[in-house]
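Structural overview
Each chain, letter by letter, is given below.
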Amino acid sequence: MSSADEVVPDDAERIEVSRFVPASPAEVFAVLRDPQGHVDIDASGMLMDAEGEPVSAVGDRFLVHMDREALGDLPMGKYDVEVVITVFEAEREIAWTIEGTVRPPLQHVYGYRLEPVDGGTRVTSYYDWSNLRQDYRAFLTFPIVPESALKGTLGILDRTVRRRRSRSA
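These notes cover the structure that comes with them. Here the structure is a predicted model, which means the values were calculated and not measured.

1. With respect to the pattern of salt bridges
Side chains carrying opposite charge are able to pair once their charged atoms draw close together. Going through the model one piece at a time under the given rule, you end up with 13 salt bridges. Salt-bridge contacts for Arg113 lead to Glu16; the nearest nitrogen and oxygen are separated by 3.1 Å. Placement of Arg113 in strand 7 (residues 109-117) and of Glu16 in strand 2 (residues 14-21) is noted, with a sequence separation of 97 residues between them. For Glu16, a relative accessible area of 10% puts it in the buried group. Of the charged contacts in the structure, one is a salt bridge between Arg19 and Asp158, with a shortest N-O distance of 3.5 Å. Taken as a pair, Arg19 in strand 2 and Asp158 in helix 4 (residues 147-168) lie far apart in primary sequence, 139 residues in all. Here Arg19 falls in the buried class, since its relative accessible area comes to 17%.

2. Points about the pairing of strand 6 (residues 93-99)
Counting buried residues along strand 6, six of its seven residues qualify, which places the element largely inside the surrounding structure. Taking the residues between adjacent antiparallel strands as the criterion, strand 5 (residues 78-89) and strand 6 are bridged by three residues, where Glu91 takes a positive phi near 65 degrees. In the sheet, strand 6 pairs with strand 7 via five bridges, with the strands oriented antiparallel. By the bridge assignment for strand 7, Trp96 is matched with Tyr110.

3. Re the packing of aromatic side chains
Counted under the stated rule, the structure contains six aromatic pairs. Seen from their ring centres, Tyr110 and Tyr127 are 4.4 Å apart, and the 5 degrees between their planes marks the pair as stacked. Remark: Tyr127 occurs in strand 8 (residues 120-128) and Tyr110 occurs in strand 7; sequence separation between them is 17 residues. By relative accessible area, Tyr127 is classed as buried at 0%. Among the aromatic side chains, those forming a connected cluster through ring pairs are Trp96, Tyr110, Tyr112, Tyr127, Trp129 and Phe142.

Basis of the calculations
- Residues numbered from 1 in each chain as written.
- Predicted model: local features only at pLDDT ≥ 70, side-chain atom pairs only at ≥ 80, totals over all residues.
- Heavy atoms only, no water.
- Salt bridge = Lys/Arg side-chain N within 4 Å of Asp/Glu carboxyl O.
- Helix = DSSP H or I, 4+ residues; strand = E, 2+ residues; numbered from the N terminus.
- Buried < 20%, exposed > 50% of the residue type's maximum accessible area, 1.4 Å probe, protein only.
- Pairing = 2+ DSSP bridges.
- Phe/Tyr/Trp six-rings, centres within 6.5 Å; stacked < 30°, edge-to-face > 60°.

Structure follows, in structure tokens:
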């Protein structure tokens, strides 16, 4: 199995990428439910820090300090968003939307699906903007986070899980 495999969805408003991570779904999920874990694995460069407890249910929230200058697309500078959990299936799937400076919220969704496989976990990262409000489509370019950043995040996730494992051993 290759280290990074692209899943090409039929929907032009969704990106999915997958990667094998040599760790259990529990180890991977521990990073994904942890607010600081989101910062640790971010390949976009926008997530600066996070505040809050690890999430455990749909509706849970945590604060993320952002820096949009990392993308260089909009002059938003530094700002805060709340991550709102929309899917929570322990060790299987987690997804969220963002509430922040743009009101009403954009309604784009980020998430991960975990599938146990021989020797580890197949992790699929997805980004879906199909529910984006029509009035935002005229002035926002999607995807905000490019496919390359999703792929990079999966690589960083692999490294982060390994480091956390070695620290706890």
